[in-house]
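Residue-level structural notes
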Amino acid sequence: MASIHIAKATGKVGKRVQLSGWVHRKRESGSIIFLVLRDVTGTVQVAIKKDMVDEKSWKSARETTIESSVKLNGVMKEDKRAPTGYEVEAKDFANVNISEPFPITEYQSTELLLDKRHLWLRSQKMINIMKARSHVFRYAREFLDSKGFFEVTPPIITKAGGETGADMFETDFFGSKAYLTESSQLYAETMVFSLEKVYSLVPSFRAEQSRTTKHLAEYWHLEPEMAHYDNKKSMDLQERFISHIAQKLSKDTALLSALGVDSSSLADIKPPFKKVSYEEALQALSDKGFNMKWGDDLGVEHERALTESEEKPMFIYNWPREIKPFYMPINPRDERTVLCSDLQAPHGHGEIIGGSERIWKYDDLMERMAEVEKAKGVKFNMANYQWWIELRKYGSVPHAGFGMGMERVIKWLLNLDHIRDAIPFPRMSNRLEP
Ligand code: 4AD
Ligand code: MG
């Protein structure tokens, strides 16, 4: 007899079923042992009665422990007293691998749960988050694929910086200096001249010390790049994209309710999103009592103040030229600003997307890079950027794109307290294991 999953087995009341899973709970009362069995589809109560199984099965059931892997077969019954309304009355029971005493019990420190992450991933909470994460990755790809995008695969080891270049992990590449990429944008840009609409979904690395609830040193970065787009068109796409992901996820009501997430609030995420300029955001912050001046970047507390009473994501567009990167074009209508936008998630979650138009003309790019060097007191190693700059000499076109942190999006959608729970093995300034 082949094993089937718990979710399928509960549809076979009165029939014999075979199950493979892990012992989630165990309780013994005289001649009956009750187990709660877990597999990927859920849990079910199992009753092993001494007088209904052979000696070997009874011995195995007595020996089994929490988190042991087991195999059993028995008759599926409806039982109102059982936690999920079903109970399997075992006929045969065997241990596949008996677990040593499981190091995670009910109340544990956050640090222990992180040290034992490889085991904590079996908790109901992490199982549900990892399912939702997988869905979010699929919905994201599904949307872009349906809009004619091609998924591309940029290199992770690079010579050139992307954003600031300052927060990069350095590595030795056969005797010369190389870096782990902090954004795949420059490579994605390269590919719009052949494939027009592309995206990459690979890790980005940030060697920032910042110990906040939204910074990882390694995160999954989705970066679409589109030929013939301006930032306005890119914002329209972002709205529809984010709404697609939220709408799709909202349909998984069982998963969301297990995670304590209100699915109707996700179903309400629809275009259009609110759009405010940087200048208006600054004013709103001043009105809330923050002392802000032109050119100040927004910190975690500012993002929280702006978004905590919002229900949908909101764009902040056209930021000051001095705080945004070298590839963003000057806004011809207001030369203090560049043509860009950040998308801020509601309920205080803050930035989930950063995007902009790209400077597509050679001379404009040279001018802007020189300006950024002067303003920031940095020197670009032009040789490292030469290939990317050169794109502006061979049939360049206007283009735009954006970068979305997958874990930031998952943190918001599932209303997680900390970004580390949105990824199986978080990498943070104080965490490299397991
Ligand atoms: O705003 P960022 O730095 O923009 C870029 O890297 C652009 N090159 C993207 C592009 O236009 N292709 O990063 C983009 C997004 C942020 O909005 C945020 O969601 C996420 O990446 N992000 C992080 N996520 C987790 N941990 C970190 N340390 C992150 N830093 C950025
Ligand atoms: Mg940003």
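Up top is the structure.
Overview of the structure. (Residues numbered from 1 in each chain as written. Chains lettered and ligands numbered in written order. Predicted model: local features only at pLDDT ≥ 70, side-chain atom pairs only at ≥ 80, totals over all residues. Heavy atoms only, no water.)

Focus: the nonpolar core
- Ranked by size, the top nonpolar core spans 51 residues in total, and within it Leu 222, Phe 241, Ile 242, Leu 249, Met 404, Leu 413 and Leu 414 carry the most contacts.
- Here this core gets 9 residues from one element, more than from any other, and that element is helix H5 (residues 124–146).
- Apart from residues lying up to four places away in sequence, Met 404 is in contact with Trp 220, His 221, Leu 222, Phe 241, Ile 242, Ile 245, Ile 352, Ile 353 and Val 409.
- Leu 306, Val 338, Leu 365 and Phe 380 belong to the second largest nonpolar core, which has 28 residues in total. (Core = buried A, V, L, I, M, F, W, Y, C linked by side-chain atoms within 4.5 Å. Buried < 20%, exposed > 50% of the residue type's maximum accessible area, 1.4 Å probe, protein only. Helix = DSSP H or I, 4+ residues; strand = E, 2+ residues; numbered from the N terminus. Contact = heavy atoms within 4.5 Å.)

Points about the pairing of strand S5 (residues 86–97)
- Sheet analysis places strand S3 (residues 42–49) next to S5, joined by 3 bridges and oriented parallel. Residue Val 46 lies in a different strand from S5, and its bridge partner there is Val 88.
- Relative to S5, strand S4 (residues 69–78) runs antiparallel, the two sharing 10 bridges. Its bridge partner lying in S5, Val 75 is registered against Glu 89. (Pairing = 2+ DSSP bridges.)

Quick notes on the packing of helix H12 (residues 362–376) against helix H13 (residues 382–390)
- The geometry of H12 relative to H13 is characterised by a closest axis approach of 12 Å and an angle of 150° between their N-to-C directions. It follows from the interaxial angle that H12 and H13 lie roughly antiparallel. Two packed elements cross with a definite hand, and for H12 against H13 that hand is right-handed. Listed contacts from H13 to Tyr 362, Leu 365, Met 366 and Met 369 of H12 are Met 382, Tyr 385, Trp 388 and Ile 389.
- Here the contact of H12 with H13 is built from residues that sort into 8 nonpolar, no polar and no charged. (Axes fitted to C-alpha atoms, helices over the stretch in contact; angles between N-to-C directions. Parallel < 35°, antiparallel > 145°, perpendicular 65-115°, else oblique. Left-handed = near helix turned anticlockwise from the far one by under 90°. Nonpolar A, V, L, I, M, F, W, Y, C, P; charged D, E, K, R; others polar.)

Some details on the side chain of Arg 420
- Mapped onto the fold, Arg 420 is located in the segment after helix H14 (406–413).
- Buried within the structure, Arg 420 lacks any salt-bridge partner; Asp 421 is the closest side chain of opposite charge, at an N-O distance of 4.7 Å.
- With residues near it in sequence (within four places) discarded, Arg 420 still touches Thr 110, Leu 114, Arg 117, Leu 216, Pro 426 and Met 428. (Lys, Arg positive; Asp, Glu negative; His and termini not counted. Salt bridge = Lys/Arg side-chain N within 4 Å of Asp/Glu carboxyl O.)

Topic: unusual backbone geometry
- The linkage connecting Pro 271 with the following residue, Pro 272, adopts the cis geometry, with an omega of 0°.
- With respect to the helices, strands and loops of the structure, Pro 272 is situated in the loop between helix H9 (263–267) and strand S12 (274–277).
- Cis geometry marks the peptide bond from Glu 433 to Pro 434; its omega dihedral reads -10°.
- Its location among the elements puts Pro 434 in the segment after H14.
- With a phi angle near 65°, Glu 196 is a residue other than glycine that sits in the positive phi range.

Keep in mind these values describe shape, not function.
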